[in-house]
Amino acid sequence: MISDVYSYLLFISLMSILALYLSKQKYRVLHYLPPIVLLYLCIMILSSGGLFTFDETLTESYSTLKSNLLPAMLFLMLLPNKISYLLRLGPKMLLSFMLANITLFIAFITTFILFSQQTADINILSPLAGSWMGGTGNMIAVSSAINGDESELGITMLIDSIDYSLWVMFLLFLVPFAPAFNRYTRAKDPIEDINLEKSCAIHFSYRGYAYLLLAAVTVSMIAQVSGIFLSHFFASATTWSVLVATMLGVLFSFSPLSRIRGVQGSANAMLYLLIALIASRAQLHFDSSLLYYISLGLGILSIHALLMLISAKLFRLDLFSISVASLANIGGIASAPILSAAYAQSLVGVGVLMASMGYVLGTFVALILDQVLRWMV
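Residues numbered from 1 in each chain as written. Predicted model: local features only at pLDDT ≥ 70, side-chain atom pairs only at ≥ 80, totals over all residues. Heavy atoms only, no water.

### Side note on the environment of L41
Consideration 1: Tracing the backbone shows L41 in helix 3 (residues 35-48).
Consideration 2: Of the residues examined, L41 reaches a relative accessible area of 16% and is grouped as buried.
Consideration 3: Separated by 241 residues in sequence, L41 and A282 place their C-alpha atoms 9.5 Å apart. (Helix = DSSP H or I, 4+ residues; strand = E, 2+ residues; numbered from the N terminus. Buried < 20%, exposed > 50% of the residue type's maximum accessible area, 1.4 Å probe, protein only.)

Here you go:
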């Protein structure tokens, strides 16, 4: 059993490094069970088996590291995502992305009304919305902002992984039917008109990890101090800390910091460390409720698909645009470019940019959804 701080941090760090290594490998199974989910599952199982003994000292170390890492990770994650790059998508792509975001928002509310209406489900659905409108980093940010516990986040990650995998397979299955779909919606095929592969490539020039580390630590401190001050008006200190770090990340995306080589790698390292930390406090309980939440997630995706089909017919949108917009929200930057490439290699940049937009908006939209769901109970 691990009971001292140094052994705990060493174990968490080694597990994170192993997961990061696996994330660079091309094993087929990792496409369906991502390393970040494997990391959470493995540590959660070990934690449930009694590997960690959380006394007051270990609990305090966990809380301190998590509260400092979260704003820093959000800041670094958002640095490469310039608004000016996102505007290159053009009106049709931007419309498709916004429709995907709006229909997901509506799908979450509709599913909650039809099948849930339980306060306990909100702490699972809100972080799931953060992931499906942004990414894993947004999921953790939302969970922390609403004070969700580690076990609830574990359920959210399982739903996200299972339902997301099914959604990716479904969208890839639809690729050959694009011409027939476009005739149905009377949309023009975008493949001949769009080529963002070169213009979307973001190149980083070397400035050194020291600048990134200094900036991330400074932003983390500012975000936490601001959170404590602003929490006297409304919302929690963690919520404000997340929002301040997000806004600073967007603001500094226009600074030279965004061009430093390794910014995305640093953000990913912090993300995996956060996942490992949170998993160490989770307890594994497999029961019928997991099937219920997986079904709930599939219900959200079904309503989202129906609304996107209606939107495509109304606005004459092609299958490529709405599919990539949907997966950019639900799957993020890891899968949207893959779907883009299934249509044409020249469209890979579209998937990258749409997924980047999700990183910027995901936390804000999910926190708004959280307040709407709580108002409805």
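### Comments concerning the pattern of salt bridges
Consideration 1: Counted by the stated rule, this structure contains two salt bridges.
Consideration 2: With a shortest N-O distance of 3.6 Å, K92 and D318 are connected by a salt bridge. One end of the pair, K92, is in helix 6 (residues 91-116); the other, D318, is in the loop between helix 14 (288-315) and helix 15 (319-330), and 226 residues separate them in sequence.
Consideration 3: Relative accessible area serves as the criterion here: at 30%, K92 is assigned to the partly exposed category.
Consideration 4: With a closest N to O distance of 2.9 Å, D370 and R374 form a salt bridge. A residue pair is termed a helical-turn pair when its members lie 3 or 4 positions apart in one helix, as D370 and R374 do in helix 17 (residues 348-376) at four residues.
Consideration 5: The exposure class assigned to R374 is partly exposed, which follows from its relative accessible area of 31%. (Salt bridge = Lys/Arg side-chain N within 4 Å of Asp/Glu carboxyl O.)

### Focus on the side chain of T185
Consideration 1: Counting through the fold element by element, T185 comes out in helix 10 (residues 178-185).
Consideration 2: Among the residues examined, T185 registers a relative accessible area of 1% and is labelled buried.
Consideration 3: Reaching out from T185, the side chain makes a polar contact with the backbone oxygen of L317 at a distance of 3.0 Å. (Polar contact = N/O pair within 3.5 Å; in protein donor to acceptor, adjacent residues only side chain to side chain.)

### Digging into the confidence of the model for the chain
Consideration 1: Summing up the model confidence of the chain, the mean pLDDT is 83 and the portion of residues at 70 or higher is 87%.
Consideration 2: Per-residue pLDDT stays below 50 along residues 195-205; that stretch engages in 25 contacts with residues further than four places along the chain or on separate chains. (pLDDT = per-residue confidence, 0-100. Contact = heavy atoms within 4.5 Å.)

### Description of the packing of helix 6 against helix 14
Between two packed helices, what matters for the description is the angle formed by their axes and the separation of those axes.
Consideration 1: Two elements in contact, helix 6 and helix 14, have axes whose closest approach is 8 Å; the angle formed by their N-to-C orientations is 135 degrees. In this view, helix 6 runs oblique relative to helix 14, as classed from their interaxial angle. Crossing of helix 6 over helix 14 shows right-handed handedness.
Consideration 2: Class assignment of the residues belonging to the contact of helix 6 with helix 14 gives a composition of 15 nonpolar, eight polar and no charged. (Axes fitted to C-alpha atoms, helices over the stretch in contact; angles between N-to-C directions. Parallel < 35°, antiparallel > 145°, perpendicular 65-115°, else oblique. Left-handed = near helix turned anticlockwise from the far one by under 90°. Nonpolar A, V, L, I, M, F, W, Y, C, P; charged D, E, K, R; others polar.)

### Some remarks on the environment of F52
Consideration 1: Following the sequence through the fold, F52 ends up in the loop between helix 3 and helix 4 (56-78).
Consideration 2: The exposure class assigned to F52 is buried, which follows from its relative accessible area of 8%.
Consideration 3: Discounting chain neighbours no more than four positions away, the residues touching F52 are I2, Y8, F11, I12, I43, S47 and S280.

### Things to note about unusual backbone geometry
Consideration 1: You will see that N147, though not glycine, has its phi angle at about 60 degrees, which is positive.
Consideration 2: On the secondary structure map, N147 appears in the loop between helix 8 (136-145) and helix 9 (150-174).
Consideration 3: The phi angle at R316 is positive, at roughly 55 degrees, despite the residue not being glycine.
Consideration 4: The residue R316 is located in the loop between helix 14 and helix 15 in this model.

### What to know about the packing of aromatic side chains
Consideration 1: Applying the stated rule across the entire model yields ten aromatic pairs.
Consideration 2: Between Y8 and F54, the aromatic rings sit 5.5 Å apart at their centres with planes inclined by 80 degrees, giving edge-to-face as the arrangement. Residue Y8 is located in helix 1 (residues 5-23), and its partner F54 is located in the loop between helix 3 and helix 4; the two are separated by 46 residues in the primary sequence.
Consideration 3: You can call Y8 buried: its relative accessible area is 0%.
Consideration 4: Take F54: its relative accessible area is 26%, and that puts it in the partly exposed class.
Consideration 5: Aromatic pair F54 and Y62: ring centres 6.5 Å apart, planes at 80 degrees, arrangement edge-to-face.
Consideration 6: These aromatic residues form a ring-pair network of at least three members: Y8, F11, F52, F54 and Y62.
Consideration 7: Above the plane of the ring of F54 lies R281, whose end atom (NZ or CZ) is 4.6 Å from the centre. (Phe/Tyr/Trp six-rings, centres within 6.5 Å; stacked < 30°, edge-to-face > 60°. Lys NZ or Arg CZ within 6 Å of the ring centre and 35° of its normal.)

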